[in-house]
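Examination of the molecular architecture
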Amino acid sequence: MNDFSTLTSSLESVMNKAERIDNALQRIALLEEEVRVLRGIAKESWVTLERAADEIGKSPSAVRQMIKNPKKMMAKGTVWKQKDKGASIYINLKAFREKM
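Residues numbered from 1 in each chain as written. Predicted model: local features only at pLDDT ≥ 70, side-chain atom pairs only at ≥ 80, totals over all residues. Heavy atoms only, no water.

**Comments concerning the pattern of salt bridges**
This model, assessed by the stated rule, comprises 2 salt bridges. For Arg36, the salt bridge goes to Glu33, with nearest N and O atoms at 2.5 Å. Taken together, the residues Arg36 and Glu33, both in helix 1 (residues 2-42) and 3 residues apart, mark about one turn of the helix. For Arg36, a relative accessible area of 52% puts it in the exposed group. Where Arg51 meets Glu55, a salt bridge forms, and the shortest distance between an N and an O atom there is 3.4 Å. Taken together, the residues span about one helical turn, with Arg51 and Glu55 both in helix 2 (residues 49-56) at a distance of 4 residues. (Salt bridge = Lys/Arg side-chain N within 4 Å of Asp/Glu carboxyl O. Helix = DSSP H or I, 4+ residues; strand = E, 2+ residues; numbered from the N terminus. Buried < 20%, exposed > 50% of the residue type's maximum accessible area, 1.4 Å probe, protein only.)

So, in C-alpha coordinates, the structure goes:
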(Lines give C-alpha, C1' and ligand atoms only; values in the text may rest on other atoms or scores of the structure.)
Protein backbone atom coordinates (compact mmCIF):
# COMPACT_ATOMS: atom_id res chain seq x y z
CA MET A 1 0.00 0.00 0.00
CA ASN A 2 2.87 2.32 0.82
CA ASP A 3 4.35 1.77 -2.65
CA PHE A 4 1.00 2.70 -4.20
CA SER A 5 0.80 6.01 -2.31
CA THR A 6 4.42 6.80 -3.26
CA LEU A 7 3.61 6.03 -6.87
CA THR A 8 0.46 8.18 -6.72
CA SER A 9 2.42 11.02 -5.15
CA SER A 10 5.11 10.76 -7.83
CA LEU A 11 2.49 10.71 -10.58
CA GLU A 12 0.81 13.83 -9.18
CA SER A 13 4.19 15.53 -8.99
CA VAL A 14 4.90 14.71 -12.63
CA MET A 15 1.45 15.98 -13.66
CA ASN A 16 2.00 19.22 -11.74
CA LYS A 17 5.35 19.69 -13.48
CA ALA A 18 3.74 19.07 -16.87
CA GLU A 19 1.06 21.65 -16.08
CA ARG A 20 3.72 24.13 -14.97
CA ILE A 21 5.68 23.54 -18.17
CA ASP A 22 2.54 24.01 -20.26
CA ASN A 23 1.72 27.21 -18.35
CA ALA A 24 5.28 28.50 -18.85
CA LEU A 25 5.10 27.76 -22.59
CA GLN A 26 1.82 29.65 -22.85
CA ARG A 27 3.36 32.64 -21.04
CA ILE A 28 6.38 32.53 -23.35
CA ALA A 29 4.08 32.54 -26.39
CA LEU A 30 2.21 35.57 -25.00
CA LEU A 31 5.46 37.41 -24.30
CA GLU A 32 6.78 36.66 -27.79
CA GLU A 33 3.59 38.09 -29.26
CA GLU A 34 3.93 41.22 -27.10
CA VAL A 35 7.53 41.66 -28.26
CA ARG A 36 6.41 41.30 -31.89
CA VAL A 37 3.72 43.96 -31.39
CA LEU A 38 6.11 46.31 -29.60
CA ARG A 39 8.73 45.91 -32.32
CA GLY A 40 6.07 46.74 -34.89
CA ILE A 41 5.17 49.90 -32.97
CA ALA A 42 8.85 50.79 -32.57
CA LYS A 43 9.34 50.69 -36.32
CA GLU A 44 6.92 53.63 -36.59
CA SER A 45 8.02 55.67 -33.57
CA TRP A 46 10.96 57.22 -31.70
CA VAL A 47 13.34 54.77 -30.03
CA THR A 48 16.69 55.11 -28.31
CA LEU A 49 19.80 55.06 -30.45
CA GLU A 50 20.73 51.69 -28.98
CA ARG A 51 17.32 50.21 -29.81
CA ALA A 52 17.47 51.62 -33.33
CA ALA A 53 20.92 50.12 -33.82
CA ASP A 54 19.62 46.75 -32.65
CA GLU A 55 16.62 46.95 -34.98
CA ILE A 56 18.71 47.71 -38.08
CA GLY A 57 21.62 45.43 -37.19
CA LYS A 58 24.30 48.09 -36.73
CA SER A 59 26.32 49.24 -33.74
CA PRO A 60 25.17 52.36 -31.86
CA SER A 61 28.41 54.04 -32.93
CA ALA A 62 27.67 53.31 -36.61
CA VAL A 63 24.16 54.75 -36.33
CA ARG A 64 25.49 57.84 -34.55
CA GLN A 65 28.02 58.34 -37.36
CA MET A 66 25.31 57.91 -39.99
CA ILE A 67 23.02 60.57 -38.52
CA LYS A 68 25.76 63.09 -37.78
CA ASN A 69 27.98 62.59 -40.83
CA PRO A 70 28.83 66.14 -42.01
CA LYS A 71 28.70 65.11 -45.68
CA LYS A 72 25.26 63.48 -45.40
CA MET A 73 23.75 64.68 -42.12
CA MET A 74 20.23 63.47 -41.44
CA ALA A 75 17.60 66.00 -40.39
CA LYS A 76 17.54 66.70 -36.67
CA GLY A 77 13.95 66.67 -35.42
CA THR A 78 12.77 64.46 -38.27
CA VAL A 79 15.19 61.53 -38.22
CA TRP A 80 16.84 62.04 -34.83
CA LYS A 81 16.52 64.23 -31.76
CA GLN A 82 18.55 65.03 -28.69
CA LYS A 83 17.49 67.38 -25.88
CA ASP A 84 20.95 68.58 -24.90
CA LYS A 85 24.52 67.68 -25.72
CA GLY A 86 25.33 64.51 -23.79
CA ALA A 87 21.65 63.51 -23.47
CA SER A 88 20.21 60.36 -25.03
CA ILE A 89 19.68 60.37 -28.78
CA TYR A 90 16.35 59.15 -30.14
CA ILE A 91 15.83 57.87 -33.66
CA ASN A 92 12.64 57.81 -35.72
CA LEU A 93 13.09 54.40 -37.33
CA LYS A 94 10.66 55.02 -40.17
CA ALA A 95 12.35 58.29 -41.18
CA PHE A 96 15.80 56.80 -40.63
CA ARG A 97 15.09 53.90 -42.99
CA GLU A 98 13.76 56.29 -45.63
CA LYS A 99 17.01 58.31 -45.50
CA MET A 100 19.37 55.31 -45.56
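From this point, the discussion proceeds with the structure in view.
**Here we look at the confidence of the model for the chain**
Residues of the chain with pLDDT of at least 70 account for 95%, and the chain-wide mean is 85. In the model of the chain, helix 1 stands out as the element of lowest mean pLDDT, 80, in contrast to strand 3 (residues 89-92), which has the highest, 94. (pLDDT = per-residue confidence, 0-100.)

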